[in-house]
Amino acid sequence: MIKYLDLKRINDQHDAEIRQAMDEVLQSGWYLRGNTTTRFEHHFADYIGTRFCVGCGNGLEALSLILRAYIELGVMKEGDEVIVPANTFIATVLAITENRLVPVLVEPDAETLQIDDRLIEQAVTPRTRAVVIVHLYGRCAYTERIGELCRKHSLKLIEDNAQAHGCHYGDRLTGSLGDAAGHSFYPGKNLGALGDAGAVTTDDEQLASVVAALGNYGCSRKYVHDLEGCNSRIDELQAAVLDVKLRHLDKANRRRQQIAARYTETIKNPLIHIPVSGRDCVWHIFPVFSECRNELQAYLKENGVETQIHYPIPIHKQRCYESLSSLSLPITERLCDTELSIPCNQSMTDQEVTEIVGLLNSFGRL
Ligand SMILES: *Cc1c(COP(=O)(O)O)cnc(C)c1O
């Protein structure tokens, strides 16, 4: 049985280092808002290439705190519009709506699977304040055109970097390309903790300090509350684990790229469409597309290969967003109907990759 993602096997690769880092936290007697978190924040900011990193509870809260901080700073207010790709994970949109901002869903390009930069400008209205780009599947969504458009219309450019830790755009990394970025360290992400964790990266000192205050009960100095904040933080144990795994991230991503290259070169089946490969993609997810997706998933399962679907129901068809249900987003809907994610991560052996390719190539030809 080949699991979609074997987290134990991934973390076993760094077992001794992780145990030592956790033991140091245990022995320190200090479990929240301490030196281990500060050290990880510095390392992560250095890695991403931003001046500031503020740890927080998870990826959803990272995005939500960025928007909330912009509201506190008077950059946007309730009812303003935020442009976002229609095919993202729902958390990106939840961060917008929980701040009482209005999500404006834009279709992806069917080949790159990223927000279609040719469609963004026509979605801009006088109420638009920000564009959230999502580096979906580990592929960079940023383009020069998006950068120019944001400058031209004075829009904040926010990156959802939950799926793309370590992804390059030229000599920079995703997470440093816009005004601020939200990161998730959910266990299954490319940089994953052993529980929930997240972070905001930015070069904007004022934004970083408001995000930090908001996540700490709105506190500027101990027991002085200027903002109505919340509690959103990385704990020292997660920061210690993340600091270890950050050192191995580039190597893990290179292995993902190696596996993805083999998939791209060797999967040859007219019933299965392979995505165009983005050169610097870090393949958080390797998606394939098929008109007979459900049969393909069942076939792989029967033959011992676990897969997932990212994502089976588009956001505008979810019950919680009934107000969006009349939108027509045919590309997004088609992707939801045809997408299948096959295993692609650093713990896989060459043998497993070969087995998966063999199965995909024999599908429908028996
Ligand atoms: C995982 C994910 C999130 C949410 O991160 P959590 O840490 O689970 O809250 C947000 N956006 C995208 C694109 C994600 O994949």
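If you're wondering where the values come from, they're calculated on a predicted model, not measured in any experiment.

Colleague: Summarise the packing of aromatic side chains; cite the residues concerned and give the values.
Modeller: A full pass over the atoms with the stated rule returns nine aromatic pairs. Relative to Tyr47, the ring of Phe44 has its centre 6.5 Å away and its plane inclined at 20°; by these criteria the two rings are stacked. Linking Phe44 with Tyr47, this pair stays in helix 3 (residues 35–48), spanning three residues, or about one helical turn. Across the pair, exposure class does not vary: Phe44 and Tyr47 are buried alike. Between Tyr142 and Tyr169, the ring centres sit 5.0 Å apart and the planes meet at 85°, which makes this aromatic pair edge-to-face. On the criterion of sequence distance, the pair formed by Tyr142 in the loop between strand 4 (128–134) and helix 7 (144–152) and Tyr169 in strand 6 (residues 168–169) is long-range, its members being 27 residues apart.

Colleague: Got a sec to walk through the environment of Val104? Specific residues and values, please.
Modeller: Among the secondary structure elements, Val104 is positioned in strand 3 (residues 102–106). Each C-alpha atom of the pair Val104 and Leu324 lies 9.4 Å from the other, and the pair is 220 residues apart in sequence. Not counting the four nearest positions on each side in its chain, Val104 is found in contact with Glu81, Val82, Ile83, Val84 and Ala123.

Colleague: How would you explain the sheet that holds strand 9 (residues 198–202) if you had to name every residue and give the values?
Modeller: The seven strands are arranged 1-9-8-5-4-2-3 in an open sheet whose pairing can be described as mixed. Only two strands of the sheet have a single partner each, and these edge strands are strand 1 (52–56) and strand 3. Strand-to-strand twist of the sheet, defined as the mean angle between neighbouring strand axes without regard to direction, takes the value 20°. With five bridges connecting them, strand 8 (residues 180–184) and strand 9 associate as antiparallel partners. The partner of His183 across the bridge, within strand 9, is Ala199. Where helix 8 (residues 205–214) meets the sheet, it contacts strand 1, strand 8 and strand 9, and its direction lies at approximately 15° from that of strand 1.

Criteria and thresholds
- Residues numbered from 1 in each chain as written.
- Predicted model: local features only at pLDDT ≥ 70, side-chain atom pairs only at ≥ 80, totals over all residues.
- Heavy atoms only, no water.
- Phe/Tyr/Trp six-rings, centres within 6.5 Å; stacked < 30°, edge-to-face > 60°.
- Helix = DSSP H or I, 4+ residues; strand = E, 2+ residues; numbered from the N terminus.
- Buried < 20%, exposed > 50% of the residue type's maximum accessible area, 1.4 Å probe, protein only.
- Contact = heavy atoms within 4.5 Å.
- Pairing = 2+ DSSP bridges.
- Axes fitted to C-alpha atoms, helices over the stretch in contact; angles between N-to-C directions.

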